[in-house]
Amino acid sequence: HSDAIPELLVCLVSLLLKEVAIMSVTICQSLGFMVSLLGVAGIIASTGMDQWSTQDLYNNPVTAVFNYQGLWRTCVRESSGFTECRSYFTILGLPGLASSISAPGCKGDTMSATICQVMGFFVSALGFAGCIAATAMDAWSTQDLYDNPVTAVFQYQGLWRSCVTQSSGLTECRPYFTILGLPAMFQAVRALMIVGIVLGAFGLLVAIFALKCLRIGNMEDSAKANMTLTAGVMCIVAGICAICGISVFANMLVTNFWMSTANMYQPGMMQMQTIQTRYTFGSALFVGWVAGGLAFVGGIMMCVACRGLAPEETHYKAVSYKSAGYKSAGTGYETKKTPIYDTNAKSEDGRRSYPSKYDYV
């Protein structure tokens, strides 16, 4: 019995420590929940408050009115204690983020368009790189191991070659040595991916020269806006080609998968259940879907930025300037003298001014 007492104490201490650990985790969870709840309540309260900006009373501490503004309305409090608040009855008329971060001498809409253009360029470049990676990857279709997770070989296929990985870690890949022998849909997927990569490459090349932050020669803003629109359309089409190509390949996989499943479980073919190989989605499909979406979104951003990059058309009215020459001793005007411009020059009858052939600007 004396030997069992220390073991009992050890068991009691371990149980106590376990309960303390569980209780500490519960307390930490409860405290985290309460602190998060308090933070959310504070965010809601600060968003609804009206005193986001208050009038500075440093030089005039005594004033008849006191102004303060919030996110949703502006208020005025008089010295009598009466407070009047008025909501902002406009949304588009409020200053935006672009006007608040614009640099001196740069319009807010131009800055926002430049940011949108640059972001669209980088997003499209990321999508373009993803399309290249997905096209070159070998794991477009992988062997389905749902019914047989432990196998001696693992097969997967890409657009350009098929590979086999053995349990020893050795991988052997073999290219497709035929073009006409491949299925038509398979060749269509190849073509769509290649077209998407080519269009994306040309689109990014055009977008580089169209960047607002780069000055190349005497290129006008209108030309850069048109180039940005062209690059955006190319990236959009490239993204659509990539998404369509991968979706077609995924449809082929789904069709072949269910056809193989139906053949495996037909009467009289149960012996082929372990021989039939089914393929499912590979990692390249997901990479390509994401890359195509990024290229599409980047192209849309560049198309949206095109409107802000285009210069506004200004219409100037023709202004006429009246001119009169120096009169010589003889009759008429000397044409060799330098003409002077007189806005009060009138004709002999004093009602109409003589226009000059140099008076339009």
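Placed above this text is the structure.
Read on for a plain summary of the structure. On a predicted model such as this, the values are computed, not experimentally measured, just so you know.

### Here's the deal with the overall build of the chain
Move 1: Secondary structure assignment for the chain yields six helices and 11 strands.
Move 2: Evaluated residue by residue, the chain yields a buried proportion of 23% over its 361 residues.
Move 3: When contacts within the chain are restricted to residue pairs at least 6 apart in sequence, long-range pairs at least 24 apart make up 52% of them.
Move 4: Surface accessibility of the chain: about 25,100 Å² in total, with carbon and sulfur atoms responsible for 66%.

### Points about the pattern of salt bridges
Move 1: Overall, the coordinates contain two salt bridges when judged by the stated rule.
Move 2: Here D50 and R73 are joined by a salt bridge, their closest N and O atoms 2.8 Å apart. Of this pair, D50 sits in the loop between α1 (4-48) and β1 (53-54) while R73 sits in strand β3 (residues 73-78), and the two are 23 residues apart along the sequence.
Move 3: Assessed through its relative accessible area of 14%, D50 is described here as buried.
Move 4: A salt bridge links D138 to R161; the shortest N-O distance between them is 2.9 Å. Linking D138 in the loop between α3 (108-136) and β5 (141-143) with R161 in strand β7 (residues 161-166), this pair joins segments that are 23 residues apart in sequence.

### Quick notes on a nonpolar patch on the surface
Move 1: A contiguous nonpolar patch, built from W160, I194, V198, F202, L205, I208, F209, L214 and I216 and spanning about 760 Å² of accessible area, is present on the exposed surface.
Move 2: With respect to the secondary-structure elements, I208 resides in helix α4 (residues 184-210).

### Some points on the sheet that holds β7
Move 1: Strand order in this open sheet of five strands is β8-β7-β6-β5-β9, and the pairing throughout is antiparallel. Of all strands in the sheet, those with a lone pairing partner are β8 (171-175) and β9 (279-281), marking the two edges. Taken pair by pair, the neighbouring strands of this sheet meet at an average axis angle of 25°, ignoring direction.
Move 2: As judged from the five bridges shared by strand β6 (residues 153-157) and β7, these two strands associate in the antiparallel manner. Bridged to Y156 within β7 is C163.

### Looking at the sheet that holds β3
Move 1: Taken together, four strands build an open sheet; the order of strands is β1-β2-β3-β4 and the sheet is antiparallel. Among the strands making up the open sheet, the edge pair consists of β1 and β4 (83-87).
Move 2: Pairing of strand β2 (residues 65-69) with β3 involves five bridges; the strand directions are antiparallel. Following the sheet pairing, Y68 is matched in β3 by C75.

### Notes on the state of the cysteines
Move 1: The full count for this structure, using the stated rule, is two disulfides.
Move 2: Covalent S-S linkage joins C163 and C173, the inter-sulfur distance amounting to 2.1 Å. The sign of the S-S torsion, about 110°, decides the handedness of the disulfide formed by C163 and C173: right-handed. One end of the pair, C163, is in strand β7; the other, C173, is in strand β8, and 10 residues separate them in sequence.
Move 3: The class for C173 is partly exposed, based on a relative accessible area of 29%.
Move 4: Taken in sequence order, the bonded cysteines of the chain link in the pattern 1-2, 3-4.
Move 5: With no disulfide partner, C116 has as its closest neighbouring cysteine sulfur the one in C303, 9.7 Å distant.
Move 6: There is no disulfide at C235, and the cysteine sulfur nearest it, in C303, is 8.6 Å away.

Thresholds, definitions, all that
- Here the residue index of a chain counts from 1 through its sequence in written order.
- Totals for whole chains, interfaces and linings use all residues, but because this is a predicted model, local features are given only for residues with pLDDT of at least 70 and pairs of side-chain atoms are given and counted only at 80 or more.
- Side-chain numbers come from the whole structure's heavy atoms, not from hydrogens or water.
- Comment: elements are numbered from the N terminus, with helices defined as DSSP H or I runs of at least four residues and strands as E runs of at least two.
- Exposure categories follow from relative accessible area, calculated using a 1.4 Å probe and restricted to protein chains: below 20% of the type maximum is buried, above 50% is exposed, and the middle band is partly exposed.
- Whether two residues are in contact is decided by their heavy atoms: any pair within 4.5 Å suffices.
- Methods summary: accessible areas were calculated by the Shrake-Rupley approach with a probe of 1.4 Å, and residue burial reflects only the protein chains presented.
- The working definition used for a salt bridge is a side-chain nitrogen of Lys or Arg within 4 Å of a carboxyl oxygen of Asp or Glu.
- Residues qualify for a patch when their relative accessible area is over 30% and they have no salt bridge, like charges being joined within 9 Å and the nonpolar side chains of Val, Leu, Ile, Met, Phe, Trp and Tyr within 5 Å.
- A pair of strands is considered paired only if DSSP assigns at least 2 bridges between the two.
- Throughout, an axis means a line fitted to C-alpha atoms (over the contacting stretch in the case of helices), and angles, computed between N-to-C directions, take values from 0 to 180 degrees.
- Two cysteine sulfur atoms make up a disulfide if the distance between them is within 2.5 Å.

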